[in-house]
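These are the residues of each chain, in order.
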Amino acid sequence: MSTTSALGGVVRRREDPALVTGTGLYVDDVKRTGMLHAAFVRSPYAHARITSIDADEARSMDGVKAVYTADDVRHLGSLPVQVPVGQARPLLADGTVKHMGEAVAMVVAATRTQAQDAADAVFVDYDALEAVVDLKDAASDRMKVHDGLDSNILVTWTTPFGADDETQAGLVDQIAAAKDRDDTVVVSLEMNNQRLLPTAIEPRSVVAEWNSGYEEMTLWSSSQMISAVAGAVGKVLGIPYNHVHAIAPEVGGGFGAKLNVYPDEILVPWAAKQLGKAVKYTENRREAAVSTIQGRGWIGTATITGTREGEVLAYELDAICDMGAYSQNFTVAIPFLGVFVGSGQYKFPTRLKLDCVTTHLQTTDAYRGAGRPEAIYYLERIMDAYSREIGMDSAAVRMKNFIPNEEFPGAMSPAGFAIDTGDYGTNLQAMLDLPEYSEMKAERDRLRSEGKLAGVGLSTYMEVCGFGPSGLVDLGFSWAEYGVPSAFNGSGLVRVNPDGTANVIIGTGPSGQGHKTTWSQIVSQQTGIEMDKIKVTYGDTKEAPVSIGSFGSRSAAVDGAAAFEAAGKVREKAAKVAAHLLEASEDDIRFEDGAAHVAGSPDKSISWEEIAKTAYQPHLLPEGMEGGMEAHAIFSPTNATWPFGTMACLVSVDSDTGDVKILRWVNVDDCGEVINPMIVDGQIHGGVAQGIGQALFEDAIYDGDGNLLTAGLIDYPMPTAADVPSYELHRTVTPTDVNPLGVKGVGEAGTIGSAQTLVNAVVDALAEKGVKHVDMPLRPKRVWQAMQDAQN
Amino acid sequence: MSLTVNGESVSADVEPRTLLVHFIRENLDLTGTHVGCETSYCGACTVLVDGKSVKSCTMLAVQAAGATVTTIEGLAEGDEMHALQEGFWERHGLQCGYCTPGMIMSAAGLLAENPSPTEDDIRHGIEGNLCRCTGYHNIVKAIDYAASKLRGETPAPAEWEVNA
Amino acid sequence: MYPRAFDYVAASSIDEAVRELGNADFAKVMSGGMSLIPMMKLRLLSPDVVVDIGRVPGLDAISEDGDAITIGALVTHEKTAAADVPAVLKTAAAWTGDRQVRVRGTTCGAVAHADIAADQPSAVLALGGTITAQGPDGTREIAADDFFVDAMTSALEPHEILTSIRIPKRGGGSAYEKLGRRGGHTDYAVAGASAWVEKSNGSVSDARVALTGVGLKPELTRGVMEALIGTDGSESAVASAAERAVEGITVLEDLYGSVEYKTHLAKVMVRRALNQAFAQA
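Anyway, here's the lowdown on the structure attached to this text. Positions within a chain are numbered from 1, following the residues in the order the chain's sequence is written. Whichever chain is written first becomes A and whichever ligand is written first becomes 1, with later ones labelled in order. At least 70 in pLDDT is required for a residue's local features to be given in this predicted model, at least 80 for side-chain atom pairs to be given and counted, and no such filter applies to totals for whole chains, interfaces and linings, which use all residues.

Brief notes about the overall build of chain C
Then step 1. Where helices and strands are cited, they refer to DSSP runs of H or I of at least four residues and of E of at least two residues respectively, numbered from the N terminus. For chain C, the helix and strand inventory stands at eleven helices and 14 strands.
Then step 2. The globule rule is 2.2 Å times the number of residues to the power 0.38, and the radius of gyration it is compared with is taken over C-alpha atoms. Over its C-alpha atoms chain C spans a radius of gyration of 19 Å, differing by no more than 12% from the 19 Å that the globule rule assigns to 281 residues.
Then step 3. Taken along the three principal axes of its C-alpha coordinates, chain C extends 55 × 45 × 30 Å.
Then step 4. Whether a residue is buried, exposed or partly exposed is read from the other C-beta atoms within 10 Å of its own C-beta, which are placed from the backbone; 20 or more gives buried, 12 or fewer gives exposed, and intermediate counts give partly exposed. Burial analysis of chain C (281 residues in total) assigns 60% to the buried set.
Then step 5. Once C-beta atoms are placed from the backbone, any two residues with those atoms within 7 Å are in contact. Partitioning the intrachain contacts of chain C with sequence separation of at least 6 by distance along the chain shows that 66% fall at a separation of at least 24.

Right, here's the structure in full:
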């Protein structure tokens, strides 16, 4: 395998030796002397008044150190939230519970078993109340979820973003006029984009330890945003940021679920401080289902008005988005991310109206894609339905309505946003030209000739990611509410040590994305320092500059760019040192293979070891030059990045049972430049699998009383290896111009593009039965029912 | 109770309710074996018990008395990675790494039963192990790589080598 | 999660295990523990005593004695799936749980647990098996037809242990078909059907068909059996018999299917299982 450092090359991952040998450290692996264990008592009701809490028996049990309720923690205030729209969450339920799984009491005991046994012995009396579960019911305000709020509708997002009332009214008129035309068709579908449980395989875990002498809180948390957690703990407990040492070691998957500050992340450090002992809490899977954030949960009607020749005159989406009971980190901002990509890659007038409603269900927040899979799902499903209605190939319809290349640079989307770069036609055409695509269509036709149900689905997609520009702080894109008033900057610190080795220190840690490898490639490329001399560390607020976290496909595009710039500063200084030592011109210095070379003079070179040593012996440096070899860069891009792509798949459907089998899956993605193709492809594989999971299997099903019926992996079927195909990946490369690496981000693309690709394929298979739509997940019972309904 | 873990004999008094996975993680401090659920679905806790892959969260420690247990920490021969560990590394069969030890120990059981699995055999063979990161694509390739190596054959080239 | 505290007895004989069961207020027998341990971890079930029969010698064999095959209490799914047993049971065992579950879980345990959507209970029913149980009053035999009483409830008395299952050695053909909850075969059945058939002189002389996942318990579908006898076992005969799949059976709705869908699915699975079984007969 290649071990060269060049960007764009496959490099075997540097994180893997620890992870394949069982030596990687995850939070639940942390052990401290005298460590105590916490367990939570959680509400079995979606909505109830707490009439009494009897913890006497629990307090008397072996090993129990404390049982805390709202009375003990009320003075700490509510859970800090970055986007404070809606109801804030009490740290422990205070008088009422508003969703199943809400924490009512916290038990701390000497062992995990004792804590759990004692939690079972805390007796809470509830007076159960009616719960608001249905989204339309919530939006009607028939019954309020929170007395203190004017309406269950917390906010309504519309497009074009930022448009004044007059512009909005004009758009409404324009759409009405299009509908009135004699030569147009109007195609409309109500579609559900169901609630999901993110389900990282590592449950969330937090360990905290207070040192009263140093007045320092040490905190380990399985978090995608460790700086924000440090800030929030400090803010609530009154500890300065620089006295909270927060560590996110290996994070066993995040997918947005760990992009939050949770009550346990505040309460565990608080209890550690109260009790003077380290305290650990690790959620179990059933708790995770009801107390870690959930994702998606939209119901909406998508409508296209267009000509019979495939010209779309207007696209509308009217949706209700489920925010759950309390607002946490982003909550209402998630549908807003859908607004960003509301018009996709298209140029037609677009009107979105997204009502964000509160319900008596667990809070929703970012789940891989976060708002964008939802928006693209509606758009690309209705594009498919419209194409069927007018009898045109959906690829041709898409091609006809794309924002044309001549609008770049400077293209504005109808949703109201400036797009960095795009080349949509080339990308879609690349898919259409692939032999794989023709083969899928031929195989579909062959299966049909045998009397089987088979379909090919196609979807293009657009993403927005790489947040982000500093100016977006005004829209809430910062961690200010956690006491860390930093924009969503990239941050990177590169330090060359006296022996010529380098440390790259980033605050943004991965949850599987391979930062150690990618950042090594970036810094090696910039400095010529060999990869095996570069050590990348992350996720530790004591050593790393403040950073924002790994989410929204932002790490490489923003923090990677910062590391690239920091490494550039180091290289510039090293070039001066090398020029001085080699008596050459700084402009002629080239870095390669661990040394500085002089262009045109092959015999003149000096190793990085020599350069580094010199940097730490200032008397050897050029006059006036500071000693040391270290640089930090903050990077604020001029725009977010806007990846895009096309996916297609072939499915067969068992006409007797409704069972869907995926036979082939092909992508042509465009995420700009690619640093490590192996890692990028891996991100797409996993993203597509999550989209397949939503399309076929996963569903957080609540009953009418707000009880989650799928709170375990038995009834929440994530895909297994036997449920998914191999993925055949291709790409086009349209670099972004908003960062020096040209990379756009790829963490979420697979998820954003996949669910509707699969639904489009199944609808293609079922079209001969008269089926126009099936709601996700496409469990056999639904597919079969759709066939029955269409025939009756 | 006494048992052999990674070649060493260990003895301990444990509560009957101690699960094998907790015994391994908490009593023996072998934290490479992970816990991802409580219903025997995720497979992150898979270890070898007497040569067969089992979910150590669905076995009481006392049931393992007298048994020979191998965890991820005991799979390699000295400093030399096991072919499966190497395969997962070479073929990018892991991302966050949390499911990986269980996945590898499950694959070890599979390859002991079936040294020449087809892609379909591999996919069905690891049905008891959930991964949320990789979409399983490269896990299948990683196990195929290891199977080839263990048979003394040259593994198929990586996709990126073929496409390069 | 941890189970609640309990006492653990590793029995060295079935006699001892039966005695221990009698001594406790609430005891559970454990063979592989694949169903019991998760329920205890979720604290849905908290016995005072767990009587582990996993170390009792002599129970892990499949033996033949002329007219029957006997499956011992500790025979794992893996072992049943690899054994020379009728295809319906072989397949049902191979499709029970995942590979890790199959090396620990036992065929007898799955039958004793009597889950409404498990695979092997319906196979044992279709094969007309006999369950041997040992209790304080000695040993008795229970026909599979009488064994499955209600949801998760068998004819075993609280202090009885299922020690073996006998499957009559007969000719004919058999097959198991199911739609699993996920794409693969290893998850519980949305609906499944086990079929055993025998033909003589071109017509069906005997047939036994059982459903799983459809009603409250693994159940024989007597209408189908009745309809098949005397037919030629052709696809059309099977199709018409399969229409009676849920006759006399209370179909239950769950997360995986409505009553209407499960009714339909039962017919499909019966048809598919029967067609395969006849192909072998």
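Concerning the environment of Gly645 of chain A
Residues and elements named next belong to chain A.
Then step 1. Relative to the helices and strands, Gly645 resides in strand S26 (residues 644-653).
Then step 2. Remark: the alpha-carbon pair of Gly645 and Arg308, spanning 337 residues in sequence, is separated by 26 Å.
Then step 3. Those residues in contact with Gly645, other than ones at most four positions away along the chain, are Asn427, Tyr461, Asn667, Val668, Asp669, Asp670, Ala749 and Gly753.

Quick word on the interface of chain A and chain C
Then step 1. Counting residues at the interface gives 21 residues for chain A and 16 residues for chain C.
Then step 2. Of all the elements in the fold, those that place two or more residues in the side of chain A that touches chain C are helix H4 (112-120) and helix H20 (780-791) of chain A.
Then step 3. A total of four residues in the side of chain A that touches chain C trace back to one element, the largest contributor, which is H20 of chain A.
Then step 4. In this classification, the charged set is Asp, Glu, Lys and Arg, the nonpolar set is Ala, Val, Leu, Ile, Met, Phe, Trp, Tyr, Cys and Pro, and all remaining amino acids, among them Gly, are polar. Taken together, the residues of the side of chain A that touches chain C break down into seven nonpolar, six polar and eight charged.

Section: the sheet that holds strand S4 (residues 52-55) of chain B
Residues and elements named next belong to chain B.
Then step 1. Spatially, the five strands line up as an open sheet ordered S2-S1-S5-S3-S4, and their pairing is mixed. Here the strands that pair on one side only, and so sit at the sheet edges, are strand S2 (8-11) and S4. Taken pair by pair, the neighbouring strands of this sheet meet at an average axis angle of 35°, ignoring direction.
Then step 2. For two strands to pair, DSSP has to find at least two bridges joining them. Pairing of strand S1 (residues 2-5) with S2 involves four bridges; the strand directions are antiparallel. Orientation is described by axes fitted as lines to C-alpha atoms, over the contacting stretch for helices, and by angles from 0 to 180 degrees between their N-to-C directions.

A word on helix H2 (residues 83-90) of chain B
Then step 1. Counting buried positions over the eight residues of H2 of chain B gives eight, a clear majority of the element.
Then step 2. Of all the residues in H2 of chain B, the buried ones are Ala83, Leu84, Gln85, Glu86, Gly87, Phe88, Trp89 and Glu90 of chain B.
Then step 3. The inward-facing, buried residues of H2 of chain B contact helix H1 (16-20) of chain A together with helix H3 (100-113) and helix H5 (137-150) of chain B.
Then step 4. Once H2 of chain B finishes, His92 of chain B follows within two positions and takes phi at roughly 55°, a positive value.

Topic: the nonpolar core
Then step 1. Put simply, a nonpolar core is buried Ala, Val, Leu, Ile, Met, Phe, Trp, Tyr and Cys residues tied into one set by C-beta atoms within 7 Å. In this structure, Met106, Val107, Ala563, Val651 and Val762 of chain A together with Ala195 and Val209 of chain C are the most contacted members of the largest nonpolar core, which totals 412 residues.
Then step 2. The biggest single contributor to this core is helix H16 (residues 555-582) of chain A, with 14 residues.
Then step 3. Beyond its immediate stretch of four places on either side in the chain, Val651 of chain A contacts Ala454, Gly455, Val660, Lys661, Ile662, Leu663, Leu758, Ala761, Val762 and Ala765 of chain A.

Remember, this is a structural readout, not a statement about activity or role.
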